[in-house]
Amino acid sequence: MKKSTIFQNIPCTLVTGFLGAGKTTIINQLLASRPSDERWALLINEFGRIGIDGALLMSTKDSAADKSDIAIREVSGGCICCTSQLPLQIAISRLLSDHHPQRLLIEPTGLAHPRELVQQLAAPHWQTALKMQAVITVLSGIQWQQKKYRTHDGFQAHVREADVLVVNRYAQLNDVETHELQEWIRKLNAQVSIIWATPIPTTADMTDTTAEAYLTALSKQLTKPSQLLSKQRKVAIAHPQQSMVNLQPRTASVSAATITSPLSDPSSTALTNDTDDHNSSNSNQPYRYHEQQQDVLLAGWRLPSHYVLQADNLQNWLLALPNWQRIKGIVHTDDGWLQVNFTPDSLTTSTVSAQTDSRLEIILHLDDDAGDIDNRHNENNGDDVAVDDNNIIVKDKAGQNMTNITSTSEQSTIDWEAYDRELMALVIQLAE
């Protein structure tokens, strides 16, 4: 029998922020500060079922971080603060036992409830395993300018549950607005420290003392203890000496609900024995899911890597989606493999390395008038569509089934079959 491993005082940083705030950019900057002789781990919570953020981080060509010693694991299919603590516990335990990192970063979904997550990480069983550092929250100045954001309880919640606030995308704010932003922050969290993000030079031969000072201030947060979590633990922990996490080596018998592999079948509720399995046969068939979470609709598509889409038409199609709040993906196009990262305030595309499949994920805001948004989708384009109870099977251009599509009464105003047909119509060739 193999010996169990006990982990103690692994530095852990929680990086939060509302949907589209720019967390991935800040995390990449934190990863770039990793000493070359240290192993780090990153846990990403995907709100949808198709893992994308991990691939975005690993594929970004202009990232300054050498990711050879950075382990990334994704928890997909729901917010870890809304589900039971089991998915979070399993994911953290596996990262620690499999990779023995010297530092752990956690990125929850932008729709997470940070208070619940902070309470989970303050629980007794993490008391000695994790050494919680400052909770870093990312705030977009562009989002704050809009009343719908700054009056949104979820947007405000991220500010309340922060040790340090990294404000980015604020260049358009005038002096009065900057002062109003600071006052707004202080009313929500008088103790929070504020760091103003600075654009980083894109080439190594460019120096910027302001950017260097910003990166230094940001990296220092990795070693500052969290006052927020310290307060939570004083309440939650009765016997800290009994709370060490005892991790057994992984065996084939381990299973749990709600965690899916980035390349496993996202409709599955089983935790696969190896969440890094990139050889799943499911990657060879197109797949789409959709579901309602909180006040948004989520949908995602996964297409085989040999499907090549027309880049300009794809972007136009994505931007025409109704009430979209977030669009992200990695797609094989006639311009090469592209990373897509769209928010209502920022449209970003960049070249990435070839992937095992194409992935798109969208978040649509629920609208009372949503029933009027899809009149153009009332006609059948002649594609083969079969309905069996709650499963819809749509034939794509190559004659393959678009599998695992969930149909629910709450989402009847969205014609997902029509979206499938439109997306498949953008496939201009099937590459070898």
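Residues numbered from 1 in each chain as written. Predicted model: local features only at pLDDT ≥ 70, side-chain atom pairs only at ≥ 80, totals over all residues. Heavy atoms only, no water.

**Q** Explain the nonpolar core to me, please; I cannot follow it from the model alone.
**A** Side chains of nonpolar character tend, in soluble globular proteins, to be buried together. By size, the foremost hydrophobic cluster in this structure holds 26 residues, and its most contacted members are Leu-43, Ile-92, Leu-104, Ile-106, Leu-121 and Leu-130. Sorting the residues of this core by element identifies strand 2 (10-17), strand 3 (40-45), strand 4 (70-75), helix 3 (86-99), strand 5 (103-107), helix 4 (114-121), strand 6 (130-132) and helix 10 (227-236) as the ones contributing at least two each. Looking at this core element by element, the count peaks at 5 residues for helix 3. For Leu-43, the contacting residues outside a window of four places in its chain are Arg-73, Val-75, Leu-88, Ala-91, Ile-92, Leu-95, Leu-104, Leu-105, Ile-106 and Glu-107. (Core = buried A, V, L, I, M, F, W, Y, C linked by side-chain atoms within 4.5 Å. Buried < 20%, exposed > 50% of the residue type's maximum accessible area, 1.4 Å probe, protein only. Helix = DSSP H or I, 4+ residues; strand = E, 2+ residues; numbered from the N terminus. Contact = heavy atoms within 4.5 Å.)

**Q** Would you mind going over helix 9 (residues 209-220) with me for this structure?
**A** Count 3.6 residues to each turn of an α-helix, and residues three or four apart come out pointing the same way. A rise of 1.5 Å per residue sets the reference length of helix 9, with its 12 residues, at 16 Å; its end C-alpha atoms lie 17 Å apart and thus fit the reference within 8%. Listed as buried for helix 9 are Ala-211, Tyr-214 and Leu-218. Taken end-on, helix 9 shows its buried residues confined to a sector of 60°, consistent with a single buried face. Elements that come into contact with the buried residues of helix 9 comprise helix 1 (23-32), strand 8 (164-168) and strand 9 (193-196). (Expected span 1.5 Å × (residues − 1). Arc of directions from axis to C-beta.)

**Q** Help me out: how do you make sense of the packing of helix 7 (residues 153-160) against helix 8 (residues 175-188) in this one?
**A** Between two packed helices, the angle of one axis relative to the other and the distance separating the axes together describe the packing. Between helix 7 and helix 8, whose axes approach to 9 Å, the crossing angle comes to 75°. As the angle between them shows, helix 7 and helix 8 are arranged roughly perpendicular. Together, Phe-155, Gln-156, Val-159 and Arg-160 of helix 7 and Trp-184, Ile-185 and Leu-188 of helix 8 make up the contact between the two elements. Broken down by class, the residue content of the contact of helix 7 with helix 8 amounts to 5 nonpolar, 1 polar and 1 charged. (Axes fitted to C-alpha atoms, helices over the stretch in contact; angles between N-to-C directions. Parallel < 35°, antiparallel > 145°, perpendicular 65-115°, else oblique. Nonpolar A, V, L, I, M, F, W, Y, C, P; charged D, E, K, R; others polar.)

**Q** Explain unusual backbone geometry here, please?
**A** Keep in mind that most residues, glycine aside, have a negative phi and that most peptide bonds are trans. Unusually for a residue other than glycine, Arg-169 sits at a positive phi of about 55°. Structurally, the position occupied by Arg-169 is in the loop between strand 8 and helix 8.

**Q** Looking at this model, I keep getting lost on helix 8. Mind explaining?
**A** If you check helix 8, its first and last C-alpha atoms are 20 Å apart, about what 14 residues at 1.5 Å a residue would give, namely 20 Å. Every buried residue of helix 8 is accounted for by Leu-181, Trp-184 and Ile-185. Buried residues of helix 8 fall within an arc of 100° about the axis and therefore sit on the same side. Those residues of helix 8 that are exposed and aimed more than 90 degrees away from the buried face are Asp-175, Val-176 and Lys-187. Tucked into the core, helix 8 has its buried residues touching strand 7 (136-140), helix 5 (141-145), helix 6 (147-150), helix 7, strand 8 and strand 9. N-cap assignment for helix 8: the residue whose side-chain oxygen lies 3.1 Å from the backbone N of Val-176 is Asn-174. (Polar contact = N/O pair within 3.5 Å; in protein donor to acceptor, adjacent residues only side chain to side chain.)

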